[in-house]
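Structure assessment
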Amino acid sequence: MDVFRGCIMQVHRRLVFLLSVLLLSACGGKMIRKRASAEHIRAQMEKLSPVELTCDLSKLSDQEMETLKLLVKAARCTDTLFLKQVYGRNLDMLVELKKSTLPEDTLALAFFRVMFGPWNRLDGNKPFLNDRPKPAEADFYPEGMTKEEFESWIKAHPDARNAFESNFTVIRRQNSALAAIPYSRFYQDQILTMSELLNQAARRTADPSLKAYLESRAQALLTDDYYDSDMKWMDLAGDIEVVIGPYEVYEDRLLGYKAAFESFVCLVDHEASSKLQEIVSCLDAMENALPMPQELKRFSRGKFSPIKVVNLVYSAGETKAGVQTAAFNLPNDERVRESKGSKKVMLKNVMRAKFEKCWIPIVREALSEKDLNRVSFDAYFNEVVMHEVSHGLGPGKIAVAGVQTTVNKALKDLYSTVEECKADVLGVLNTQFLIDRGILAKPLENVLYATMLGGMFRSIRFGIDEAHGGGVAIQLNYYLDQGASKREPDGRFSVDDARMKQSVRNLASELLILEAKGDYDGAKAFVQKYRNLRPDVSSVLEKLKNVPVDILPMYPIERDLDSH
Ligand code: ZN
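Everything numeric here is computed off the predicted structure, so don't read it as measured data. (Residues numbered from 1 in each chain as written. Predicted model: local features only at pLDDT ≥ 70, side-chain atom pairs only at ≥ 80, totals over all residues. Heavy atoms only, no water.)

**Looking at the packing of aromatic side chains**
Applied cut-off: Under the pairing criterion, centres of Phe, Tyr and Trp rings, with the six-membered ring standing for Trp, must be within 6.5 Å; the plane angle then separates stacked pairs below 30 degrees from edge-to-face pairs above 60, leaving the rest tilted. Residue exposure (1.4 Å probe, protein chains only): buried if accessible area is under 20% of the type maximum, exposed if over 50%, otherwise partly exposed. A run of H or I in DSSP counts as a helix once it spans at least four residues, and a run of E counts as a strand once it spans at least two, with each numbered from the N terminus. Charge-over-ring placement is defined geometrically: NZ (Lys) or CZ (Arg) within 6 Å of the ring centre, and within 35 degrees of the ring normal.
Within the structure shown, the criterion is met by 26 aromatic pairs. Ring centres of tyrosine 478 and tyrosine 479 lie 6.2 Å apart, and the angle between their planes is 85 degrees; this geometry places the pair in the edge-to-face category. Exposure class is identical for tyrosine 478 and tyrosine 479. Each is buried. Ring geometry for tyrosine 478 against phenylalanine 526: centres 6.3 Å apart, planes inclined by 50 degrees, an arrangement best described as tilted. Residue tyrosine 478 is located in helix H21 (residues 467-481), and its partner phenylalanine 526 is located in helix H23 (residues 520-530); the two are separated by 48 residues in the primary sequence. Grouping residues by exposure puts tyrosine 478 and phenylalanine 526 together as buried. Of the aromatic side chains, those joined through ring pairs into one cluster are Phe168, Tyr183, Phe186, Tyr187, Tyr226 and Phe261. Over the ring of phenylalanine 381 we find lysine 348; its NZ or CZ atom is 5.0 Å from the centre of that ring. A cation over a ring is seen here: lysine 412 above tyrosine 520, with NZ or CZ 4.5 Å from the ring centre.

**Points about the coordination of the zinc ion**
The condition that has to hold: Think of the donor list as every N, O and S atom within 2.8 Å of the metal, or within 3.2 Å for Na, K and Ca; water never makes the list, so a site can look incomplete.
Within the first shell, the zinc ion binds the protein through His387 (NE2), His391 (NE2) and Glu420 (OE), at distances of 2.1 Å. Judged by its relative accessible area of 10%, histidine 387 falls in the buried class.

**Digging into the packing of H21 against H23**
How two helices pack is summed up by the angle between their axes together with the distance between the axes. Which entries qualify depends on this criterion: Under this scheme, a helix contributes an axis fitted over its contacting stretch, all axes are lines through C-alpha atoms, and angles between N-to-C directions fall in the 0 to 180 degree range. Angle categories are assigned with fixed cut-offs, so that under 35 degrees is roughly parallel, over 145 is roughly antiparallel, 65 to 115 is roughly perpendicular, and the rest are oblique. A contact between two residues is defined here by any heavy atoms of the two lying within 4.5 Å.
Where H21 meets H23, the closest approach of the two axes is 8 Å, and the angle between their N-to-C directions is 75 degrees. Overall, the two elements H21 and H23 adopt an arrangement that is roughly perpendicular. Every residue of H23 that contacts H21 at Ala473, Ile474, Asn477, Tyr478 and Asp481 is listed here: Phe526, Val527 and Tyr530.

**Let's talk about the side chain of asparagine 311**
This is how it is decided: By the criterion applied in these results, polar contacts are pairs of N or O atoms within 3.5 Å in which, for protein atoms, one can donate a hydrogen and the other can accept it, and in which residues neighboring in sequence qualify only through two side-chain atoms.
Position of asparagine 311 among the secondary structure elements: in strand S8 (residues 307-317). Within the structure, the side chain of asparagine 311 is placed 3.0 Å from the backbone nitrogen of asparagine 349, a separation counted as a polar contact. Those residues in contact with asparagine 311, other than ones at most four positions away along the chain, are Cys55, Val265, Cys266, Leu267, Lys348 and Asn349.

**Description of the sheet that holds strand S10 (residues 343-347)**
As a reminder, the rule being used: Here, any two strands with at least 2 DSSP bridges between them count as paired.
Here we have five strands laid out as an open sheet, ordered S6-S7-S8-S10-S9, and mixed in their pairing. Where the open sheet ends on each side, the last strands, each with one partner, are strand S6 (240-246) and strand S9 (327-330). Along the sheet, successive strands turn relative to each other by an average axial angle of 35 degrees, direction set aside. Strand direction decides the pairing type here: S6 and strand S7 (residues 261-268), joined by seven bridges, are antiparallel. Bridge pairing in S7 links glycine 245 to glutamate 262. Contacting S7, S8 and S10, helix H12 (residues 270-280) crosses the sheet at an angle of about 125 degrees to S8.

**Overview of helix H20 (residues 444-460)**
Count 3.6 residues to each turn of an α-helix, and residues three or four apart come out pointing the same way. Spelled out, the test is: Multiply 1.5 Å by the residue count of a helix minus one, and that product is the helix's expected span.
Helix length check: H20, at 17 residues, gives a terminal C-alpha distance of 24 Å against a target of 24 Å (1.5 Å per residue), a fit within 8%. Across the 17 residues that make up H20, a large majority, 15, are buried.

**Re the environment of proline 103**
Within the fold, proline 103 resides in helix H5 (residues 103-115). Along the backbone, proline 103 and glutamate 241 are 138 residues apart, and their C-alpha atoms lie at a distance of 41 Å.

**Looking at the pattern of salt bridges**
Opposite charge on two side chains allows them to pair when their charged atoms are near. Worth spelling out the cut-off: Salt bridge, as used here: a side-chain nitrogen of Lys or Arg that lies within 4 Å of a carboxyl oxygen of Asp or Glu.
Applying the stated criterion across every chain, the model contains 38 salt bridges. Between arginine 204 and glutamate 66 there is a salt bridge, with its nearest N and O atoms 2.9 Å apart. Here glutamate 66 lies in helix H3 (residues 62-86) and arginine 204 lies in helix H9 (residues 188-204), a separation of 138 residues in the sequence. Using a relative accessible area of 37% as the deciding quantity, one classes arginine 204 as partly exposed. Take glutamate 66: its relative accessible area is 39%, and that puts it in the partly exposed class. The salt bridge involving lysine 308 is made with glutamate 241; its shortest N-O contact spans 3.1 Å.

**Focus: the domain arrangement of the protein chain**
Frequently, the measure chosen for interface size is the accessible area removed from exposure when the parts meet. How we decide: Residue ranges labeled as domains rest on an automatic or database domain assignment.
Domain annotation of the protein chain identifies domain 1 (2-35 + 80-187) and domain 2 (347-558). With centres defined by C-alpha atoms, the gap from domain 1 to domain 2 works out at 39 Å.

**Observations concerning the pairing of S9**
Of the two faces of S9, the one holding Phe328 and Leu330 is buried and the one holding Ala327 and Asn329 is not buried anywhere. Bridge count for S9 against S10 is four bridges, and the pairing is antiparallel. Across the sheet, residue phenylalanine 328 finds its bridge partner in S10, namely valine 345.

**Examining the environment of glutamate 151**
For glutamate 151, the location among the structural elements is in helix H6 (residues 147-156). Looking at glutamate 151, the relative accessible area reads 42%, which means it is partly exposed. Sequence-wise, glutamate 151 and leucine 254 are 103 residues apart; in three dimensions their C-alpha atoms are separated by 12 Å.

**Quick word on H21**
For H21, which comprises 15 residues, the first-to-last C-alpha distance of 21 Å matches the rise-based estimate of 21 Å (1.5 Å per residue) to within 8%. Taking burial as the measure, the 15 residues of H21 include 13 buried ones, the bulk of the element. Glycine 483 sits one or two positions beyond H21 and adopts a positive phi of about 75 degrees.

**Notes on the side chain of serine 503**
Along the chain, the position of serine 503 falls in helix H22 (residues 497-517). A polar contact of 2.8 Å, which involves the side chain of serine 503, links it to the side chain of glutamine 482. Once residues within four sequence positions are removed from consideration, serine 503 is found in contact with Tyr478, Tyr479, Gln482 and Ala484.

In structure tokens:
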């Protein structure tokens, strides 16, 4: 997990170090003036369960193994880049923590690396070093710049709009003006290193689709134009799946324009991937079988989107900060989505680690003895996949009182809760559908409902105000009211498979009709009735206080690189 151990980074690291020493002695001040207590930081660290993420690399040829290592080296650069993007003083703080002889700073340093800065991403970004709130502008904009200042600058300089709103520029003050500086220039050192490593990997690999992508991406990093390489990423067809570059804009909490660097280096599970493709190819059949009036259904779901199952070999940058990504859907460029759709990538070994470390301990407290023997990783994995697939089923464009609109617009603030609930419920309904048609294996039926019920307690653990948790509270209470699940004398919950099967169907039908009619008042009454935490459920949640909230991944390949 060491952010800066790569040998490529050594020269740069020394430079940063020297510069920081000079700067620190010049202003005579320390970056860190206040620390949360060691006990506090330790308790926060313990919310993450360390796990070694393994992946079988034995089938890779020596040539592809070398390619993979070059990609991991390139990926490491995104750690440094993201650290810079989060906060302009992060690198200086890191240097100070590393030099510190205070015992509590060893712990603070470890936590700083996990959080990519002095703010706790697991606890509303509260600072654990100093007491400065996390700046919404991150390091993408000048410190303290407001949204109004940005907008009035663009108003006065309309020609600058594209550069200012670009996902790939940082904004800086230059005298009394604002300037947009391309990432390729602003982060030149790391960008050049990454680009060169990607070119080396492109020369090494025997996979033509990977070679084409890497060459294009190496060029994109230098030009800030990612379109062609995003297109080529959609065509990857070999064993190695890699994402590297600036992608998501969540870290820019001021304006949501600026993309953060991240990377995923993965190995494709071809067998599991083709199984998922088979499921996706049944979309119209699943739509046709939905429990709702035929005339409300929609078919021909537009562009075909590939779905891949992979095992993660290494991750870096934004995705590694705080809670770990279990699946992603890229690219974000609408032009690519228009012509090629988007690719869903499921990180199977990440999901297995989360299942073992965070999911099983919850289910042990939540499920009755008989049902505890009926949960499986495969059912959990399938549930996540089917949830994603089911977002694409059911009403989308609708008419309310003769006016064309969308479910999203009609259900307004309730939409995300209803839609997340729908995706869960249709996920289970469609799993049963695929089992009945022999597309998914019959033994899955025996673990399907118990696994679903157990997992609900994980989802509501973080609150029911958020859409996913709220959607799950609705399901749980609905199923309890229909007698599909009940509380046993020991306080745990059991499931009646036959009743549950029917109850899932009933709930699916209610949700689909609310969506199809765009019935806001109906949705409001429905959500109010079911989205609550009952005392029997709360008493299970009480017992989960010490269960880790997520995993802290460690990557064996990193040790491998460092030993050379
Ligand atoms: Zn969802």
